[in-house]
Amino acid sequence: MRAAQIIRFGDWRAVAVTTTAVPEPGDGEVLVRVSASSLNTVDVVRRDGRLRMLTGRRLPQGLGIDMVGTVERTGAGVQGFGPGDRVWGIRSDTAGMKNPTGLTADYAVAHAHQIASAPHTLDDVQAAAFAVGGYTALRALRDVARLQPGERVLIRGGTGGVGSAAVQIAAALGGRVAVLASARNEQIARDLGAQEFFDYATASPALVGPTDVILDTVGTDLLRWRRLLTPQGRMVGVAFNSAAGLATIAASIVFGPRRIRTFAGEPPPGSLACVTSFAETHGLRALVHGTFPLEDLQDAHRTFDAQALRGKIVITVAS
Ligand SMILES: NC(=O)c1ccc[n+]([C@@H]2O[C@H](COP(=O)([O-])OP(=O)(O)OC[C@H]3O[C@@H](n4cnc5c(N)ncnc54)[C@H](OP(=O)(O)O)[C@@H]3O)[C@@H](O)[C@H]2O)c1
């Protein structure tokens, strides 16, 4: 089968599509014939070599932490899934990232708790683009920030992969949604459900004003934006692109309940199934910057590196 791999650490030229054996599902695992997978920041950070401390230096390593496809076969002890089921999955555990194959491949193995039925309201490209952002945004806004109807919520980076899902989820939860993003994306943000829009190139925190909930998907200037919180306000930061940002989140513990909350790693079991039903109930959709067939993996990475994306890059796998 074909698999997207990191073959050395570096820029977009460091990835390749190689031929490798179809993996075998072990106990509790499911083999999925992949239809589409998306490109996430973590893939690029790993490719650059910035996560070597965590995932090791041994290459090749597989790429892809999300996928949508159909179940091919199940390992022993798997219940609730069978051949032909349309599923989506997220696999972002460190052990998985060390594997020579990830989820961007013709076939992928995941634990049964890492997959769920894919939303019938999203086609394969949309589902691949939505999985990680949808899970992250729903967890941040509903479970961590506990956004309440009528509260004002600021989505920093509201037209990115996480942010575009967050705007829709915040609106579905009854929030009054303000978005901070590039001016060129104002109409996109409003179409997703933003009631207020601020251009990040010019808007200061003072202009944006008091906010009950802040979801930060950017990872910089966290303390400046945290000052906008109302007395009962909650802030969640999900971007860990810089050591300074991470240190700020850790140090914010001194603010007690008004600290910057965060989470990382594997979605807790059951959370992707919640995203499926939430997406179906509220008719959520993904913002797709573009699609690339697996053979054009390097082009997909080069496009990511060039930035100025509007939503997710999706790698289409099934021929
Ligand atoms: N904790 C978790 O479980 C988890 C899960 C998923 C993702 N993440 C992390 O979350 C972050 C966001 O992921 P993503 O997929 O949404 O990335 P993304 O698609 O690149 O979105 C980031 C967005 O931020 C915007 N932006 C850049 N600088 C900004 C600024 N100063 N103010 C406001 N907006 C700004 C970008 O707009 P322009 O391109 O127009 O500049 C872009 O739309 C990444 O660091 C990722 O690793 C964490």
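Here the residue index of a chain counts from 1 through its sequence in written order. Since the coordinates come from a predicted model, pLDDT governs what is reported: local features require at least 70, and pairs of side-chain atoms require 80 or more to be given and counted, while whole-chain, interface and lining totals use all residues. Water and hydrogen atoms play no part in the side-chain values, which are based on all heavy atoms of the structure.

Caption draft 1: View of the nonpolar core. By size, the foremost hydrophobic cluster in this structure holds 50 residues, and its most contacted members are Trp88, Phe130, Leu141, Ile155, Ile169 and Val179. The numbering of helices and of strands both runs from the N terminus, where a helix is a DSSP run of H or I of at least 4 residues and a strand a run of E of at least 2. For this core, the secondary-structure elements that each account for two or more residues are strand 6 (86-90), helix 4 (124-144), strand 9 (152-156), helix 5 (161-172), strand 10 (176-181), helix 6 (186-192), strand 12 (211-216) and helix 10 (271-282). For this core, the leading source of residues is helix 4, giving eleven residues. Two domains each put at least three residues into this core: domain 1 (2-122 + 286-316) and domain 2 (132-261). In this structure Ile169 touches Gly134, Ala137, Leu138, Leu141, Phe278 and Leu284, once residues within four positions along its chain are discounted. The criterion is simple. A nonpolar core is a set of buried Ala, Val, Leu, Ile, Met, Phe, Trp, Tyr and Cys residues joined through side-chain atoms within 4.5 Å. Residue exposure (1.4 Å probe, protein chains only): buried if accessible area is under 20% of the type maximum, exposed if over 50%, otherwise partly exposed. Ranked by size, the runner-up nonpolar core spans 28 residues in total, among them Leu39, Ala110, Leu294 and Ala300. In this entry, domain limits derive from an automatic or database-based domain assignment. By definition in these notes, contact holds between two residues if any of their heavy atoms fall within 4.5 Å.

Caption draft 2: Seen up close, the site of the ligand. Whether a residue is near a molecule or strand depends on its heavy atoms: if one lies within 4 Å, it is near. In the vicinity of the ligand lie 20 residues, with Val162, Ser182, Tyr200, Asn241 and Phe263 positioned nearest. The definition of a polar contact used here is a pair of N or O atoms within 3.5 Å, where within protein one atom must be able to donate a hydrogen and the other to accept one, and adjacent residues in sequence count solely through side-chain atom pairs. Within the backbone of Gly161, a nitrogen or oxygen atom sits 2.9 Å from an oxygen atom of the ligand. In this structure, an oxygen atom belonging to the ligand sits 2.8 Å away from a main-chain N or O atom of Val162. Out of a free accessible area of 930 Å², the ligand has 82% covered by protein chains. Listed by contribution, the elements that provide at least two residues to the shell around the ligand are helix 4 and helix 5. The class makeup of the residues in the shell around the ligand is nine nonpolar, nine polar and two charged. Per-residue accessibility takes into account occlusion by the displayed protein chains alone, with areas from the Shrake-Rupley method and a 1.4 Å probe. The classification used treats Ala, Val, Leu, Ile, Met, Phe, Trp, Tyr, Cys and Pro as nonpolar, Asp, Glu, Lys and Arg as charged, and all other residues, Gly among them, as polar.

Caption draft 3: Broad picture of unusual backbone geometry. The residue after Leu59, namely Pro60, is reached through a cis peptide bond having omega 5°. Note that Pro60 resides in the loop between helix 2 (52-55) and strand 4 (61-62). Positioned with a positive phi, Asp221 is a non-glycine residue whose angle comes to about 55°. Along the chain, Asp221 turns up in the loop between strand 12 and helix 8 (222-226).

Caption draft 4: Representation of the pattern of salt bridges within the structure. Think of a salt bridge as a Lys or Arg side-chain nitrogen and an Asp or Glu carboxyl oxygen that are within 4 Å of each other. One pass over the full model with this rule turns up 16 salt bridges. Across the pair Asp124 and Arg86 runs a salt bridge whose closest N-O atoms are separated by 2.9 Å. With Asp124 in helix 4 and Arg86 in strand 6, this residue pair connects regions lying 38 residues apart in the sequence. A residue is classified by how much of its surface remains accessible, and Asp124, at 26% relative accessible area, is partly exposed. One network of salt bridges, with partners in common, ties together Arg47, Asp48, Arg50 and Asp305.

Caption draft 5: Representation of the packing of aromatic side chains in the model. Pairing of aromatic rings covers Phe, Tyr and Trp, the last through its six-membered ring, and needs centres within 6.5 Å; plane angles under 30 degrees mean stacked, over 60 mean edge-to-face, and all others mean tilted. If you walk through the whole model with that rule in mind, you get one aromatic pair. Geometrically, the ring pair formed by Tyr135 and Phe263 is edge-to-face, given 6.3 Å between the ring centres and 70° between the ring planes. Remark: Phe263 occurs in the loop between strand 14 (260-261) and helix 10 and Tyr135 occurs in helix 4; sequence separation between them is 128 residues. With relative accessibility at 5%, the residue Tyr135 sits in the buried group.

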